[in-house]
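Coordinate analysis (summary)
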Amino acid sequence: MNKFQQPKRAKLFAVIFPIACALAIFSIAGFAGLKLLVPPTGARTLEPAASAPVAVDMPILLTRGTDIYKISVDGAQEKQLTNTAVEGENLGKWSPDGRKIVYNKSDGVGALQLWVMDAEGNNKTLISNPNIFSAEAQWSPNGQKILFIAVEAGGTNQIWSMNADGTNKTRLTMTKTNDHRPQWSPDGSKIAFAQCNADFASCDVVVMNADGSNPTNVTIANINDDDFPYWTSDGSKIVYEATNNDGDVNVFIMNTDGTNRQPLTNVTGSRNYLPAGISPNGNKVAMNSIAGGLDTFEIAAVGINGSGFTNLTTNNVYDFFGAWSPDSSKIVFSSRRDTSTGEIYTMNVDGTGLVRLTNNTVRDTATDWRAAAAPRAPFDYDGDAKSDVSVFRPAGGNWYISNSLNNSLTAVQFGAAGDLIAPADFDGDGKTDICVFRPTDGTWYRLNSSNDTFTPAQFGTNGDLPAPGDFDGDSKADIAVYRPSAGSWYRVNSSNNQFVAAQFGVAEDKPLVADFDGDRKSDLAVFRPSNGTWYRINSGTDSFTANQFGTAGDKPVAADYDGDGRADLAVYRPSTGSWYRVDSSNGQFTATQFGVAEDRPTPADYDGDGKADIAVFRPSSGTWYLLRTTAGFTGQQFGANGDVATPFAFVR
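Here is what the cut-offs are and how they apply
Numbers given to residues run from 1 along each chain, matching the order in which its sequence is written. Side-chain atom pairs in this predicted model are given and counted only at pLDDT of 80 or more, local residue features only at pLDDT of at least 70, and totals for whole chains, interfaces and linings cover all residues. With hydrogens and water stripped out, all remaining heavy atoms of the structure feed into the side-chain values. Helix and strand assignments follow DSSP, with helices taken as H or I runs no shorter than four residues and strands as E runs no shorter than two, numbered in order from the N terminus. Three exposure classes are used, based on accessible area relative to the maximum for each residue type with a 1.4 Å probe and protein chains only: buried under 20%, partly exposed in between, and exposed over 50%. In what follows, a contact means two residues having at least one pair of non-hydrogen atoms within 4.5 Å. We get accessible surface area from the Shrake-Rupley algorithm with a probe of 1.4 Å; when it comes to residues, only the shown protein chains can shield them. In plain terms, two cysteine sulfur atoms within 2.5 Å form what is called a disulfide here. By convention, a stacked pair of Phe, Tyr or Trp rings (six-membered ring in the case of Trp) has centres within 6.5 Å and planes under 30 degrees apart, an edge-to-face pair has planes over 60 apart, and any other such pair is tilted. Working rule: Lys NZ or Arg CZ, within 6 Å of ring centre, within 35 degrees of ring normal, means a charge sits over the ring. Salt bridge, as used here, is a side-chain nitrogen of Lys or Arg placed within 4 Å of a carboxyl oxygen of Asp or Glu. Should DSSP find at least two bridges between two strands, the strands are regarded as paired. Helix axes use the C-alpha atoms of the stretch in contact, all axes being lines fitted to C-alpha atoms, and the angles between their N-to-C directions lie in the range 0 to 180 degrees. Cavities and pockets are defined on a 1 Å grid built over the protein atoms alone: a cavity is a set of grid points where a 1.4 Å probe fits but cannot escape, while a pocket is an open set with protein on both sides within 12 Å along at least five of seven lines, and lining residues are those with an atom within 4 Å of any such point. Grid points are joined across faces, edges and corners, and a volume is the space filled by probe spheres set on the points. Side-chain classes are defined by residue name, with Ala, Val, Leu, Ile, Met, Phe, Trp, Tyr, Cys and Pro counting as nonpolar, Asp, Glu, Lys and Arg as charged, and the others, Gly among them, as polar.

Brief notes about the overall build of the chain
Of regular secondary structure, the chain possesses 0 helices and 53 strands. With 652 residues in all, the chain has 53% of them scored as buried. Taking as baseline every contact in the chain between residues at least 6 positions apart, the subset at least 24 positions apart corresponds to 38%. Total accessible area on the chain stands at roughly 26600 Å², and carbon and sulfur atoms take up 52% of it.

Shown next, in the form of structure tokens:
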């Protein structure tokens, strides 16, 4: 199964230009027959449809000793992500989509480097320059770039940026000062950082463009120390620490050009207040305060307008802010209140509701808290989180894609008559890759969108059906086939190249690839037309589920129509052009008449709202009809009779 060979007729050309073919947009009046129907015959459910979703991930990151862990919000589940004997890993930070983690790693002799791994601790990759001290990594808002500081031998801290994969390293500051704590503006267009003297005793806040141009000292009016800059959530202001002539250290807020400087705290004496993070909703600033040694560290919060100042911890032991919860209602932090080393706790934003999450003899430090990664839109070839109208023309082996990102057309010749299309995101870059499975020799051919490389792989035999999906949860589609003759599934996990075989199904079954339990992993599932029953193995709990929903002749079109992160049971009935589904979020049954007998169901998220849209492709006219959940109805002429709509690839 490791045989590789060049594809027949694998000539490749890609043309991207404004759509020149005829496109037509139809009003809803041009598509008659939208109505609700009665439930399908025999819609008996063998388990409650509205079951609770499986925990998606363990979104709190922490450093335990010299390794990185992730832990569930209730502390019940934890997973070690790094494990090295000499080097130490720490300060993990989630990417904006929650699929990758950037972190510091010691080289064993004192120098720090930056590495990236996926959310499960796999695919660890060095992204900073070897043997050069690099730290303070910050993801750009879109996750495509990383800010960091680097110190070359004998030099000072300077601000750099690079692509998320470590390429295109660019030095942004060219000073003899020590520049640190870089922070992206919410729109990614600017960077704020602190520019300090040799011993970091006196700093100023500087704002520059994302490419390093036009650096401007915005706290020059204060001759004392200004440090710890944080952008407000709307990008209109900067929160920072400032010291006055008496040595009092407080938190201030100002416009991004340094005007309208206002105090958020106004404390005199030995206790210093330093901003530590702004809540995701933009309403509050969390602060660390210190009055001397480690045991004097406490946590406080204040409104973004200066109201509601509160000391959240006042117990004269080490309490240190870690991160805000994604919904801004809680704070995760490290504390020595119960042990001499430090454990992880959460509390409400007002300091109540204390919950201890860890209990061990090693020092734990909370570093980040991220919402669960949202499922990516299927058939999204341009990476804008919207599914693209697209077809494969078997006669010439041509792919045509209408890019929703910029309304351009992509045309690629890749494949041959007889190939089965199998588009999916195999390289994990958030874009669907063009891919075909050739039944005659059981070979997969794909184009990796991340680097435009070609990958062939022999996996399967004639009669197998391609069924790629992310079965191992590493955000990459795994090569997989379903063999109807044996009712067997075969796949290779992309995370570790492990071969997996499972017997699940019978000859008549239709294989389904979807995440029914919400754990961000594809579940083994089949639809049996003879009795209209769905059978699946839930990957999150390894449990079996059967649901009777549909009749012979129905086409299973499982997708996440209600946006809860779980695929819903759904069928399309060609004889009546009707859609029937049960929402996994609440067990509600929905019936919609949308389509005619010849139409091909093509459900996908065309408007990027996180919900699958009802949609059909009409071969006779090459017309798409989309019933988008947020953007509403539209029609588009794209394709010709004989084309295969790529969102129809796995509808059987």
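Once you've had a look at it, read on.
Looking at the state of the cysteines
Tallying each qualifying case throughout the model produces 1 disulfide. Note that Cys196 is cross-linked by a disulfide to Cys203, the S-S spacing being 2.0 Å. Linking Cys196 and Cys203, the disulfide has an S-S dihedral of approximately 105° and is accordingly described as right-handed. The exposure class assigned to Cys203 is buried, which follows from its relative accessible area of 1%.

Remarks on the packing of aromatic side chains
Enumeration over the complete set of coordinates arrives at 26 aromatic pairs. With centroids separated by 5.7 Å and ring planes inclined at 70°, the aromatic side chains of Phe297 and Tyr318 adopt a geometry described as edge-to-face. Residue Phe297 is located in the loop between β22 (284-290) and β23 (298-303), and its partner Tyr318 is located in the loop between β24 (310-311) and β25 (319-324); the two are separated by 21 residues in the primary sequence. Take Tyr318: its relative accessible area is 14%, and that puts it in the buried class. An aromatic cluster is defined as three or more aromatic residues linked by ring pairs; in this entry it consists of Phe297, Tyr318 and Phe320. Over the ring of Tyr69 we find Arg64, and its NZ or CZ is 4.6 Å from the ring centre. Here the guanidinium or amino end of Lys105 rests over the ring plane of Trp115, the centre of that ring lying 4.1 Å away.

Overview of the pattern of salt bridges
All chains considered together, the criterion is met by 17 salt bridges. Close ionic contact of Asp643 with Arg393 constitutes a salt bridge, the shortest N to O distance being 2.7 Å. With Asp643 in the loop between β52 (632-637) and β53 (644-645) and Arg393 in strand β30 (residues 389-393), this pair connects stretches of sequence that are 250 residues apart. Under the relative-accessibility criterion, Asp643 is labelled buried at 8%. The partly exposed category is assigned to Arg393, whose relative accessible area is 27%. Connected via shared salt-bridge partners are Arg64, Glu78 and Asp364.

A word on the sheet that holds strand β4 (residues 78-80)
Strands sit in the order β4-β3-β2-β29 across an open sheet of 4 strands; the sheet is antiparallel. The open sheet has two edge strands with one neighbour each: β4 and β29 (364-369). Across the sheet, the mean angle from the axis of one strand to that of its neighbour is 25°, orientation sign disregarded. Across 5 bridges, the pairing between strand β2 (residues 60-64) and β29 is antiparallel. Looking across to β29, one finds that Ile60 is bridged to Trp369.

What about the pairing of strand β32 (residues 408-413)?
Summarising burial for β32: 6 of the 6 residues are buried, a large majority. The alternating pattern of β32 places Ser408, Thr410 and Val412 and Leu409, Ala411 and Gln413 on opposite faces, both of which are buried. Pairing geometry for strand β31 (residues 398-402) and β32, over 5 bridges, is antiparallel. If you follow Asn398 over to β32, its bridge partner there is Gln413. Between the antiparallel neighbours β31 and β32 lie 5 residues, among them Asn407 with a positive phi of about 60°.

Things to note about empty space enclosed by the protein
Throughout the structure, instances matching the rule amount to 3 cavities of 30 Å³ or more. By volume, the largest cavity is sized at about 60 Å³. Lining the largest cavity are Asn129, Ile132, Ser134, Phe148, Ala150, Trp160 and Lys169. For the lining of the largest cavity, the class distribution of residues is 4 nonpolar, 2 polar and 1 charged. In this model, the second largest cavity occupies a volume close to 40 Å³. Around the second largest cavity, the lining residues are Ala570, Val571, Trp579, Tyr580, Arg581, Thr590, Ala591, Thr592 and Ile614. Sorting the residues of the lining of the second largest cavity by element identifies β46 (569-573), β47 (578-582) and β48 (589-593) as the ones contributing at least two each. Across the lining of the second largest cavity, the residue classes tally to 6 nonpolar, 2 polar and 1 charged.

Observations concerning the sheet that holds strand β17 (residues 226-231)
Strand order in the open sheet formed by 4 strands is β17-β18-β19-β20, and the pairing between neighbours is antiparallel. Across the chains shown, the open sheet's two edge strands, defined by having one partner strand only, are β17 and β20 (262-263). Summarising the sheet, strand β18 (residues 237-243) and strand β19 (residues 249-255) pair through 7 bridges and their orientation is antiparallel. Looking at the pairing, Ala242 lines up with Asn250 of β19.

Such coordinate-based values are descriptive only and should not be taken to indicate function.
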